[in-house]
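Observations on the three-dimensional arrangement
Residues per chain are reported as follows:
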There are 2 protein chains.
Amino acid sequence: MTTAPVDVDTARRDYAALVERGLSLDITRGKPSPRQLDLSADLLTLPNGEYKAEDGTDTRNYGGLKGLTELRRIFAGALQVPVDQLLAAGNSSLELMHDAVVQALLSTLPGGERRWADEPRIAMLCPVPGYDRHFALAERFGIELIQVPMTDEGPDMDVVERLVAEDAGIKGIWCVPKYSNPTGVTFSDEVARRLAAMPTAAPDFRIFWDNAYAVHHLTDTEAEVADILALCAEAGNGDRAFVFGSTSKITLAGAGVGFFGASAANIAWWSGVLAKRTIGPDKVNQLRHAMFLKDADGVRAHMRKHAEIIAPKFAAVDRILTEELGDSGLATWTKPTGGYFVSLTVPEGTAKEIVRLAKEAGVALTPAGATHPYGDDPKDATIRIAPTFPVLEEVEEAVRALVVCLRLAVAQTA
Amino acid sequence: MTTAPVDVDTARRDYAALVERGLSLDITRGKPSPRQLDLSADLLTLPNGEYKAEDGTDTRNYGGLKGLTELRRIFAGALQVPVDQLLAAGNSSLELMHDAVVQALLSTLPGGERRWADEPRIAMLCPVPGYDRHFALAERFGIELIQVPMTDEGPDMDVVERLVAEDAGIKGIWCVPKYSNPTGVTFSDEVARRLAAMPTAAPDFRIFWDNAYAVHHLTDTEAEVADILALCAEAGNGDRAFVFGSTSKITLAGAGVGFFGASAANIAWWSGVLAKRTIGPDKVNQLRHAMFLKDADGVRAHMRKHAEIIAPKFAAVDRILTEELGDSGLATWTKPTGGYFVSLTVPEGTAKEIVRLAKEAGVALTPAGATHPYGDDPKDATIRIAPTFPVLEEVEEAVRALVVCLRLAVAQTA
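Here's a quick rundown of the structure. Being a predicted model, the structure only gives us computed values, none of them experimental.

**Things to note about the sheet that holds strand β13 (residues 382-385) of chain B**
Residues and elements named next belong to chain B.
- The strand order across the open sheet formed by three strands is β10-β11-β13, and the pairing between neighbours is antiparallel. Where the open sheet ends on each side, the last strands, each with one partner, are β10 (332-333) and β13.
- Note: β10 against strand β11 (residues 342-345), two bridges, orientation antiparallel. Paired with Trp333 across the bridge in β11 is Leu344.

As structure tokens, then:
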């Protein structure tokens, strides 16, 4: 990008004034704010003496590996998974993704020839910028992380198709198909179709379809993604996709319910290995959630209340960046219509320095590079902004501070 | 044992009469009864608007890998683990045991030379009769299961010491140290000391110390087990023990809290691998439990109420077996003072047939052999009775029916 010159002295003065203020702000993680959590206050009193599921199951006792049907039914539509193939589990979808990798390492997947642990080498494709926790959990098992560029429509499919066709060591791809973390991009139907249909050298290739923001709209225009399970089945690759979702950013981030969906063969595989691990999920919490959310319309109405709280924060980020940097050419940023993040692209080689300067000024940002495998953004140009947790005034202050740090970092390297 | 003769015709007539009654009873699994679950009815209304932990943590949000301190403090004494080394996790200790095996397979343990997955062969010692789910989760990973006889004081330590000293492939031993499943045996201090101190060929040998019944007394005499972590540390094998516990049979079987305790080095190892899997456990449920149980005395008082409900069922099992079989020499059985099971020893070669006959008469028993690795009791002589779930009258009927089946099975083989 063409950048307007930044006056070093002005930048230094502004930064010194910023440090002087002794701020203590944090826009690092995609956490719901207390006001958002308050929307689910009723969960803290439910199930209020009730304990029977609709089929008569005593939710207080052991059993029920698949989770409560009434809750799975509520989310089957949003996650685009038939109720019978959708499992409701514990309090985290991240742990379901972790366990999917673990079980693939230790048990041959449907379509696979051997356990991943017995392969000479395993790799996963990582669209960048992407979600650091996806990358970290795979890296921890020695899985090689291969970067693929994100476009405005999802991962660059020309690159993806070429890599997976050639390399049998590539066993999967991380995807956040809707309101992607951190770009806000929603995968186009064409990208989804190509993911489902592309030839892969690995017979047990899996799409890790983390639909974390399935119902997390910021506007009245609700983004839609293609039905990946149906597309895979149509393409003759029925077992290719693992679908993940959770209520962490719908109800309570620490006490929600995670979901896993896949083909019937994958679900049979998963249930088989899972049955050795647990006698069933916390069904009382699932009952609580089913009573509270009621149905898909209940979820939609509830998510509108979230949007009322957080949309102004996203608007503030965009407004301040536009006011301060709009004509400067110093940065570009995403304008997401859903999800939890804004991705800010700064001049190459300045992201780390900006984050460092911000930290010294009392503003915590996600570490530069976190959006890339191994924490290494080769261009050092991506900063993830997470505006949901702080109150509006703090978001505004943090973004103004970020601009001051950006100007100084650019001026120093000029 | 010397058995009194059983008249075949009488046995057949009695069994025919039993089948005629068309019973439908189930004493298969160690599940709490609805009346026991009712004792924790308040959990279904808690935390009732409260959501702050004692340190100010908002339990509704992400974070807090170790679990809530106030809950860990309540159970540190019962589980004999220092609070700092005790983690409160999800709704199941079985999944913690499973994940301990998984993580040992995929990450080198403190003291280990390589990941278990990279060993040519892995085996675990299984005291028998023992807990089928322990055996099944290890078997599923291709771990060899080696039987060790149980004595009245725990596993036969002469056998254990000889095996682990010779065989570096033996990586662990399953233990239920108090009110063992299914024998009710509590390990003696000497057994615990020998387990902690014995030389093992494997440098990363682990005791899987499943203290599932730590506070589950049936009488006023509370069995005590030695402090395994302290004994291991004293013997210079500080990292040898993994301690597990849960509230599943204290509060709600499907919606309780599991615990993991170990040495500081093990906890650092565990936390490191766990941090890639989750952003934290369900802290709201942990808060609920801390508010409900309050402290160790609260747990003790609560467990007395459980005993009031289930002790009469255990007494009925013993009374009926004594009345029906006391002098016959046809069977022996345990008289547990805690835990969830009675172990019935029948003449060799009859257990499977008894279970089959019972099933045909409408009485479901745990499959014969389930108490042994691979579901194979070489003597076919052990039947596990789980009297907690059915109401008293059903327990009585089921045990009387079991006696009828036992007599017929013996008569048929005589």
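What follows continues from the structure just given.
**Digging into unusual backbone geometry**
- Cis geometry is found at the peptide bond from A:Val128 to A:Pro129, where omega equals -5 degrees.
- Here A:Pro129 shows up in the loop between β3 (123-128) and α5 (132-139).
- Omega for the peptide link from B:Asn181 to B:Pro182 comes to 5 degrees, which places this bond in the cis form.
- Looking at where B:Pro182 falls in the secondary structure, it is placed in the loop between β6 (170-175) and α7 (189-197).
- Non-glycine residue B:Asn48 carries a positive phi angle of around 55 degrees.
- Structurally, B:Asn48 is set in the loop between α2 (34-38) and α3 (69-79).
- Its identity as a non-glycine residue notwithstanding, B:Tyr374 has a phi of 60 degrees, on the positive side.
- Residue placement: B:Tyr374 occurs in the loop between β12 (363-365) and β13.
- Owing to a relative accessible area of 46%, B:Tyr374 belongs among the partly exposed residues under this scheme.

**Here's the deal with the interface of chain B and chain A**
- The interface of chain B with chain A comprises 57 residues on the first partner and 57 residues on the second.
- Counting the surface lost from both chain B and chain A, the interface buries some 4500 Å², and carbon and sulfur atoms represent 52% of this.
- Linking chain B with chain A are six salt bridges, by the criterion used here.
- Ionic pairing is found between A:Arg277 and B:Asp99, a salt bridge with its closest N-O pair at 2.7 Å.

**Some points on helix α11 (residues 296-325) of chain A**
All names here are of chain A.
- In a regular helix each residue adds 1.5 Å, so 30 residues correspond to 44 Å; α11 covers 40 Å between its end C-alpha atoms and thus fits that length.
- Along its length, α11 reaches its greatest deviation from straightness, about 35 degrees, at Ile309, and the proline Pro312 lies no more than four positions downstream.
- A distance of 3.1 Å separates the backbone nitrogen of Asp297 from a side-chain oxygen at the start of α11, and that oxygen is part of Asp295.

**Considering helix α6 (residues 157-166) of chain A**
Residue and element names in this part refer to chain A.
- What α6 keeps buried is the set Met157, Val159, Val160, Leu163 and Val164. An end-on view of α6 places all buried positions within 155 degrees of arc, on one side of the element. Every exposed residue of α6 that faces more than 90 degrees away from the buried side is listed here: Asp158 and Glu166.
- Lining the buried residues of α6 we find β3, β4 (144-151), β5 (154-155), β6 (170-175) and α7 (189-197).
- Of the residues flanking the start of α6, the one acting as N-cap is Asp156, its side-chain oxygen 3.1 Å from the backbone nitrogen of Asp158.

Conventions and cut-offs
Residues numbered from 1 in each chain as written. Chains lettered and ligands numbered in written order. Predicted model: local features only at pLDDT ≥ 70, side-chain atom pairs only at ≥ 80, totals over all residues. Heavy atoms only, no water. Pairing = 2+ DSSP bridges. Helix = DSSP H or I, 4+ residues; strand = E, 2+ residues; numbered from the N terminus. Buried < 20%, exposed > 50% of the residue type's maximum accessible area, 1.4 Å probe, protein only. Contact = heavy atoms within 4.5 Å. Buried area = accessible area lost by both parts, 1.4 Å probe. Salt bridge = Lys/Arg side-chain N within 4 Å of Asp/Glu carboxyl O. Expected span 1.5 Å × (residues − 1). Bend = angle between axes of the 7 residues up to and from the residue. Polar contact = N/O pair within 3.5 Å; in protein donor to acceptor, adjacent residues only side chain to side chain. Arc of directions from axis to C-beta.

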